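# A structural walkthrough
In case you want the letters, here they are:
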Amino acid sequence: MTGPRYSEIAAAARLPVDDAIPALRAALASSSNAVLQAPPGAGKTTHVPIALLHEPWIADSRILLLEPRRVAARAVTHRMAHLLGERVGETVGYRIRRDTRVGPATRIEVVTEGVLMRMLQTDPTLEGIGLVVFDEFHERSIHADSGLALVLQSQRLVRPDLRILVMSATLDVARIASLLGEAPVIASAGREHSVQVVYGVRPDMHSMAAAVANRVIRALADDDGDVLVFLPGGAEIRRVASLLEGRVPDRVSVERLHGDLSQQAQDTALTAARSGWRKVVLSTPIAETSLTIEGVTVVIDSGLVREPQFSARTGMSRLETVRISRASADQRAGRAGRVRPGKCYRLWPESEHLHLKAHSTPEILQADLAPLVLQLAAAGVGDPAELAWLDPPHSAAWARGTQLLSILGAVGPSGRITPHGAAMAVLPAHPRIAHMLLQAEALGAGAVACDVAALLGERDFLRGVSGPTDADIELRLAALRSDSSHVVHGAQVDHTLRRRIRSESAALSAALRGQLGIRSTAAADRIGVGMLLALAYPDRIAQSRGGGEGRFLLRGGGGATLTHAQGLTTSEFIVAAELDGDVRSGRIYLGATLDRADLERYFADEIETEDIVAWDASARVVRAMSRRRIGAIILKEWRSANPDRSAVTTVLLEVIRKQGVGALPWSNRAMSMRQRISFLRARRDEWPDTSDQILHDTLDQWLAPLLTNVMSPDELAGALGDALLDRLSWKQRADLDRFAPVHYVAPTGTRVRIDYSSPEAPSIAIRLQEMFGVVETPAVDDGRVALTVELLSPGRQPVQITRDLAGFWKGSYFEVRKQLRGQYPKHLWPDDPLVATPTTRARQRMK
């Protein structure tokens, strides 16, 4: 280190954290781990690494300083190099994605948390590193949590000399100190000035941009200093910037600050305004911590943040705009008090503030865990329980990530990483994209796959343009490869944005080609872009539901929809690379057409042929079909000529169980047989029970044999009676007709069906005149049970019900005779029915 030492720096630019440095040095001299709690503005990020650089325990080792964002990593590095009077890359350097500035003499390396994960894969022991500093740990990114867990494991198993320091402004220090083995906690004062907080009324999302813009104009008029505005994302920043055009006073510049901007644009937003000028910085939450934006004395806070929300049910993440926590609100307000007393305008009421969450939800509890599962598998960790976590990942999300990696061939059944997974893990991409790159390279389409991967890794430059946006990714590829018109499928494209994304995509594509050893930059046409996306998103292959309405069925069974007519609308198959998490009908933001031939060729091992036997409720028949499918997508379906009879029987039995045996097509003969058997069972236990409940419970025994040659219950009408007979012994079959005959034969020879629907009182209905002369009431069960006789008029209307014919003839008959003689004068109504001849005829016909 050739520049000034810490003591000289602290003397020249003393910061509040300097008072805590002696205690921190003592803690790390006697303990492997420590926690430093310091509010914004204390100077912990820039002064602490320099102060610890020459501690005896660190010797010649390096210090790793972890920052959650690339913008902060570059800014912090430049600030420390400035304090040392050096250039970046000498004592202090940084490593971020696609940008590294370190040298042989570098002792302090500022890295993003994702870079730490790759370093741990290469060397889990972190050889040459003496101290790992987790800065702004309260942000709880998934990389910070997993990085800390792995560094603790390395410290416990192979590097007891390795020190760990966790720093934060707002943190539950007791929990983190416990995780670090009851590490000492050092507290530092801050340098913040007082901040006056002014609450307002929360606007709805549609009017939020206008409310923010109006608040900016009023703040420029009422307050002095520069203004920092917190907005949830780039789209809101663009809308507010548009609303401020022509409204801000002279000599006021409006700057933007978010991760998609170029380094030059970010640096412009971070540096002080020109002399005599003021500036308004429209920022995402990137400016909450680490970064100091010079000159800011006013903060306008929308109170919103955009966070990824992962659904274990759909396996997809979606960015949702949610309210910030109280800790984030305090961090944002503190930005106004860095240089002098300031003011913070909060666009929500104070009553609402009291009900905000105390802290933001850790990313590990709501993010897609597939990348984490892969990174840990590459580090030899197959079970998260092997590590010490501040908040362990949810088991359901972990299982979903493992399932995806299994589909991609990255992990085996035991959860251990495969050679393919190891190759995926070293690529700076999501496992889906890494899998696509490796597979495409093997298919000779590596160059175009790198272009697709680079485009997927950048923000969609068509998102947010005026007018409907086409979801076809091939249009974006063509637009980035061409210098022609800035109009893409009717949408006016921001030329500056497209140029920047084109430059960054080209750089990333080149880096991926270099890492994969692909020399050619030519886009091979061996497989289409849709097939490349299918390699990355095999679970998001989708089939048109027909009708040309842009409605698709996803392979997993969910729905996906294009919001308006476009090129992909008429495609038979597509791959939805980006869609929201609505499981019923997710909106497709990005996709490509998938050729059927490619699908059937490259996914041949995953296409299944199956026989389907299912009930068609509308036709009341079992349908037997054969089909070729991949997941829920049916590629081909045809009627089966020889269905599996056992499967047909199973389906029919299931339908009958649901509908009940009463829904079977009982014929009169079969129903009469059930009733006759029930009549006899009521008097003799040895007869089988034919009640609905018993028949329902014994379908497999008595009905299943009848189903071997039918496809519908309706075809059973003629066989149900025989099935009941099969339940009787030979003797019972003979006794059935003897004790419970089907008919009663009247004196006239008429065969009258006996009704056994009431087992206690079987009955017949017969015309009165046919029973003349019958004194003894008809009976069944060998004369033991008298029938209930319903006597009818000649017009077959009931006139008397009796179980005592002899008594009827002697008594009630004469009242009935008096009534019926007037209605039926042509019929015989004898004075003595017991001696009259039974007849079916009228008097005249009898003569």
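Summarised in this report is the structure supplied together with it. (Residues numbered from 1 in each chain as written. Predicted model: local features only at pLDDT ≥ 70, side-chain atom pairs only at ≥ 80, totals over all residues. Heavy atoms only, no water.)

## Focus on unusual backbone geometry
Of note in the backbone geometry, Leu 126 takes a positive phi value of approximately 50° without being a glycine. Here Leu 126 lies in the loop between helix H5 (113-122) and strand S6 (129-134). Leu 126 sits in the buried class, given a relative accessible area of 3%. Phi at Arg 796 takes a positive value of approximately 65°, unusual for a residue other than glycine. Positionally, Arg 796 belongs in the loop between strand S32 (788-792) and strand S33 (798-802). On the basis of relative accessibility, which here comes to 46%, the residue Arg 796 falls in the partly exposed class. (Helix = DSSP H or I, 4+ residues; strand = E, 2+ residues; numbered from the N terminus. Buried < 20%, exposed > 50% of the residue type's maximum accessible area, 1.4 Å probe, protein only.)

## A short note on the pattern of salt bridges
Within this structure, the stated rule accounts for 43 salt bridges. Close ionic contact of Glu 109 with Arg 95 constitutes a salt bridge, the shortest N to O distance being 2.8 Å. Of this pair, Glu 109 sits in strand S5 (residues 108-112) while Arg 95 sits in strand S3 (residues 92-96), and the two are 14 residues apart along the sequence. Taking relative accessible area as the criterion, Glu 109 reaches 2% and is therefore assigned buried. In this structure, Lys 658 and Glu 654 form a salt bridge, with 3.5 Å as the shortest nitrogen-oxygen distance. In this pair, Lys 658 and Glu 654 are both assigned in helix H22 (residues 645-659), four residues apart and thus about one turn of the helix distant. Among the charged side chains, a salt-bridge network with shared partners connects Glu 608, Glu 610, Arg 627, Arg 629 and Glu 637. (Salt bridge = Lys/Arg side-chain N within 4 Å of Asp/Glu carboxyl O.)

## What about empty space enclosed by the protein?
Tallied over the full model, the rule gives two cavities of 30 Å³ or more. Considered as a void within the structure, the second largest cavity measures approximately 30 Å³ in volume. Around the second largest cavity, the lining residues are Val 305, Glu 307, Val 322, Arg 323, Ile 324, Ser 325, Lys 357 and Ser 360. Listed by contribution, the elements that provide at least two residues to the lining of the second largest cavity are strand S14 (304-311) and strand S15 (316-323). For the lining of the second largest cavity, the class distribution of residues is three nonpolar, two polar and three charged. (1 Å grid on protein atoms, 1.4 Å probe; cavity = no way out; pocket = protein on both sides within 12 Å on 5 of 7 lines; lining within 4 Å. Points joined across faces, edges and corners; volume = space filled by probe spheres on them. Nonpolar A, V, L, I, M, F, W, Y, C, P; charged D, E, K, R; others polar.)

## Considering the nonpolar core
Ranked by size, the top nonpolar core spans 98 residues in total, and within it Phe 134, Leu 148, Ile 176, Met 436, Leu 437 and Leu 532 carry the most contacts. If one sorts the elements of this core by residue count, helix H17 (residues 446-456) sits on top with eight residues. Beyond its immediate sequence surroundings of up to four residues, Ile 176 is in contact with Val 35, Phe 137, Leu 148, Val 166, Leu 171 and Leu 390. In this structure, Val 651, Ala 670, Met 673 and Ala 704 belong to the second largest nonpolar core, which totals 59 residues. (Core = buried A, V, L, I, M, F, W, Y, C linked by side-chain atoms within 4.5 Å. Contact = heavy atoms within 4.5 Å.)

## Re helix H2 (residues 21-30)
Those residues of H2 that fall on the buried side of the exposure criterion are Ile 21, Leu 24, Ala 27 and Leu 28. The buried residues of H2 occupy one face: seen down the axis, they fall within an arc of 120°. Seen from the buried face of H2, the exposed residues on the opposite side, beyond 90 degrees, are Pro 22 and Ser 30. (Arc of directions from axis to C-beta.)

## Here we look at the side chain of Thr 418
Structurally, the position occupied by Thr 418 is in the loop between helix H14 (395-407) and helix H15 (419-425). For Thr 418, the side chain forms a polar contact with the main-chain oxygen of Gly 409, separated by 2.7 Å. Looking at Thr 418, its side chain comes within polar contact range of the main-chain nitrogen of Gly 421, at 3.0 Å. Ignoring any residue separated from it by four or fewer positions in sequence, one finds Thr 418 in contact with Gly 409, Ala 410, Val 411 and Gly 412. (Polar contact = N/O pair within 3.5 Å; in protein donor to acceptor, adjacent residues only side chain to side chain.)

## A word on a nonpolar patch on the surface
There is a patch of nonpolar side chains on the surface, built from Val 775, Leu 834 and Val 835 and spanning about 250 Å² of accessible area. Its place among the elements puts Val 775 in the loop between strand S29 (763-767) and strand S30 (779-780). (Patch = residues over 30% accessible without salt bridge, like charges linked within 9 Å, V, L, I, M, F, W, Y side chains within 5 Å. Areas by Shrake-Rupley, 256 points an atom, 1.4 Å probe, with all protein chains shown as cover.)

## What to know about the environment of Thr 748
Relative to the helices and strands, Thr 748 is located in the loop between strand S27 (743-745) and strand S28 (751-753). Placed 21 residues apart in sequence, Thr 748 and Gln 769 show a C-alpha to C-alpha distance of 9.5 Å. Sequence-distant contacts of Thr 748, that is, excluding residues within four places in its chain, are made with Glu 770, Pro 838, Thr 839 and Thr 840. Looking at Thr 748, its side chain comes within polar contact range of the side chain of Thr 750, at 3.1 Å.

## Focus: the sheet that holds strand S10 (residues 226-230)
Within the open sheet, the six strands sit side by side as S9-S16-S13-S10-S12-S11. Their pairing is parallel. In this open sheet, the two strands that pair with only one neighbour each are strand S9 (195-199) and strand S11 (252-257). Strand-to-strand twist in this sheet, taken as the mean axis angle between neighbours without regard to direction, amounts to 20°. Two strands pair when backbone bridges link them, and S10 and strand S12 (residues 278-283) are joined in this way by four bridges, in the parallel orientation. Considered in S12, the bridge of Val 227 is made with Val 280. (Pairing = 2+ DSSP bridges. Axes fitted to C-alpha atoms, helices over the stretch in contact; angles between N-to-C directions.)

## Some details on the pairing of S33
Taken residue by residue, a regular strand's side chains alternate between the two faces of the sheet. Pairing analysis gives four bridges linking S32 to S33, with the strands arranged antiparallel. Counted as the bridge partner of Leu 792 is Pro 798 from S33.

## Examining the environment of Ala 358
With respect to the helices and strands, Ala 358 occurs in the loop between helix H12 (350-353) and helix H13 (370-378). By relative accessible area, Ala 358 is classed as partly exposed at 36%. Sequence separation between Ala 358 and Ala 327 is 31 residues; the distance between their C-alpha atoms is 6.0 Å. Ignoring any residue separated from it by four or fewer positions in sequence, one finds Ala 358 in contact with Ser 325, Arg 326 and Ala 327.

## Quick notes on the sheet that holds strand S25 (residues 621-630)
Across the sheet, which stays open at both edges, the three strands sit in the order S24-S25-S26 with antiparallel pairing between neighbours. Each of the sheet's edge strands pairs with one partner strand only, and the pair in question is strand S24 (608-616) and strand S26 (633-639). With strand direction ignored, the average angle separating the axes of adjacent strands in the sheet is 35°. Pairing between S25 and S26: six bridges, direction antiparallel. Bridge pairing links Arg 628 to Lys 636 in S26. Sheet contacts for H22: S24 and S25; angle to S24, the most-contacted strand, approximately 35°.

## Comments concerning the side chain of Thr 777
Mapped onto the elements, Thr 777 comes out in the loop between S29 and S30. The buried category is assigned to Thr 777, whose relative accessible area is 15%. Within polar-contact distance, the side chain of Thr 777 engages the backbone nitrogen of Leu 805 at 3.0 Å. When near neighbours in sequence (up to four residues on either side) are disregarded, Thr 777 contacts Ala 786, Leu 787, Val 789, Arg 803, Asp 804 and Leu 805.

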